[in-house]
Amino acid sequence: MMLNETIAHLRAAHLMVRDAEEWDALSTALTEAYSANDEDLIEQLQSPFLQSWRTVTRYVLRDTFDNAGISVAEPNDPWGIAILTSRGVTAEPVLCTKAPAGRHSAFEAPASPVAGALSGLRLMTFPETMDHYAESLRPLFSELDARQVG
């Protein structure tokens, strides 16, 4: 399976579970829970949010990744989707990025031990996550496959 085909399957599988607006609404709700330092809401939203991304990758995309020669393992990063490995190369797509310098992150509320541990991060939108996921996959494919994406 080629990189561009795998990326198409990746996007389609996530959009079968939820449309982009629903993924973004979950991200926004979780971001707002962190901003409000609402530990109960964080606990209520974070686990299902992470599990949704991880379940699609691990189970819905199982055949896609198997056909591409990519193994899928549990993530190491608390915001990781999975650890993907092929030909000795490993990638771990994540759901957040560092907040831009000078801009406050939803995770910077120091009163919360959970929020404090995630200081300086922000959840990505669905399109940002898909772009990051695609870039994470690129090194797992041969140079020829990777050049065919465009």
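(A) Main features of the pattern of salt bridges. Counted by the stated rule, this structure contains 4 salt bridges. Between Arg-11 and Asp-131 there is a salt bridge, with its nearest N and O atoms 3.2 Å apart. Taken together, the residues Arg-11 in helix H1 (residues 3-17) and Asp-131 in helix H6 (residues 126-137) connect sequence positions 120 residues apart. A relative accessible area of 45% means that Asp-131 is categorised as partly exposed. As a salt-bridge pair, Arg-58 and Glu-74 come within 3.6 Å of each other at their nearest N and O atoms. Taken together, the residues span a long stretch of sequence, with Arg-58 in helix H3 (residues 39-60) and Glu-74 in the loop between strand S1 (71-73) and strand S2 (83-86) at a distance of 16 residues.

(B) Region of interest: unusual backbone geometry. At Asn-37, a residue that is not glycine, the phi angle is positive and equals roughly 55°. For Asn-37, the location among the structural elements is in the loop between helix H2 (20-35) and H3. Relative accessible area serves as the criterion here: at 23%, Asn-37 is assigned to the partly exposed category. Look at Arg-87: it is not a glycine, yet its phi comes out positive at around 55°. Along the chain, Arg-87 falls in the loop between S2 and strand S3 (89-91).

(C) Spotlight on the environment of Thr-55. With respect to the helices, strands and loops of the structure, Thr-55 is situated in helix H3. The sequence separation of Thr-55 and Ala-82 amounts to 27 residues, and the corresponding C-alpha distance is 9.6 Å. Within the local environment of Thr-55, its side chain forms a polar contact with the backbone oxygen of Gln-51, the two atoms lying 2.7 Å apart.

(D) Geometry of the sheet that holds S3. Spatial ordering of the open sheet is given by S1-S2-S3, a layout of 3 strands whose pairing is antiparallel. The sheet is open, and its two edges are formed by S1 and S3, each paired on a single side. With direction set aside, neighbouring strand axes in the sheet form an average angle of 25°. Bridge analysis of S2 against S3 gives 3 bridges, and the strand direction is antiparallel. Across the sheet, residue Leu-84 finds its bridge partner in S3, namely Ala-91.

(E) Broad picture of a negative patch on the surface. On the surface, a cluster of negative charge is contributed by Asp-38, Glu-39, Asp-40 and Glu-43. As for its position among the elements, Glu-39 is in helix H3.

(F) Inspection of the packing of aromatic side chains at higher detail. Scanning the model with the defined rule gives 4 aromatic pairs in all. Ring centres 6.3 Å apart and planes at 15° place the aromatic pair Trp-23 and Phe-126 in the stacked group. Of this pair, Trp-23 sits in helix H2 while Phe-126 sits in helix H6; the two residues are 103 residues apart in sequence, bridging distant segments of the chain. Across this residue pair, the class does not change: Trp-23 and Phe-126 are buried.

Cut-offs and rules
Residues numbered from 1 in each chain as written. Predicted model: local features only at pLDDT ≥ 70, side-chain atom pairs only at ≥ 80, totals over all residues. Heavy atoms only, no water. Salt bridge = Lys/Arg side-chain N within 4 Å of Asp/Glu carboxyl O. Helix = DSSP H or I, 4+ residues; strand = E, 2+ residues; numbered from the N terminus. Buried < 20%, exposed > 50% of the residue type's maximum accessible area, 1.4 Å probe, protein only. Polar contact = N/O pair within 3.5 Å; in protein donor to acceptor, adjacent residues only side chain to side chain. Pairing = 2+ DSSP bridges. Axes fitted to C-alpha atoms, helices over the stretch in contact; angles between N-to-C directions. Patch = residues over 30% accessible without salt bridge, like charges linked within 9 Å, V, L, I, M, F, W, Y side chains within 5 Å. Areas by Shrake-Rupley, 256 points an atom, 1.4 Å probe, with all protein chains shown as cover. Lys, Arg positive; Asp, Glu negative; His and termini not counted. Charge placed at Lys NZ, Arg CZ, Asp CG, Glu CD. Phe/Tyr/Trp six-rings, centres within 6.5 Å; stacked < 30°, edge-to-face > 60°.

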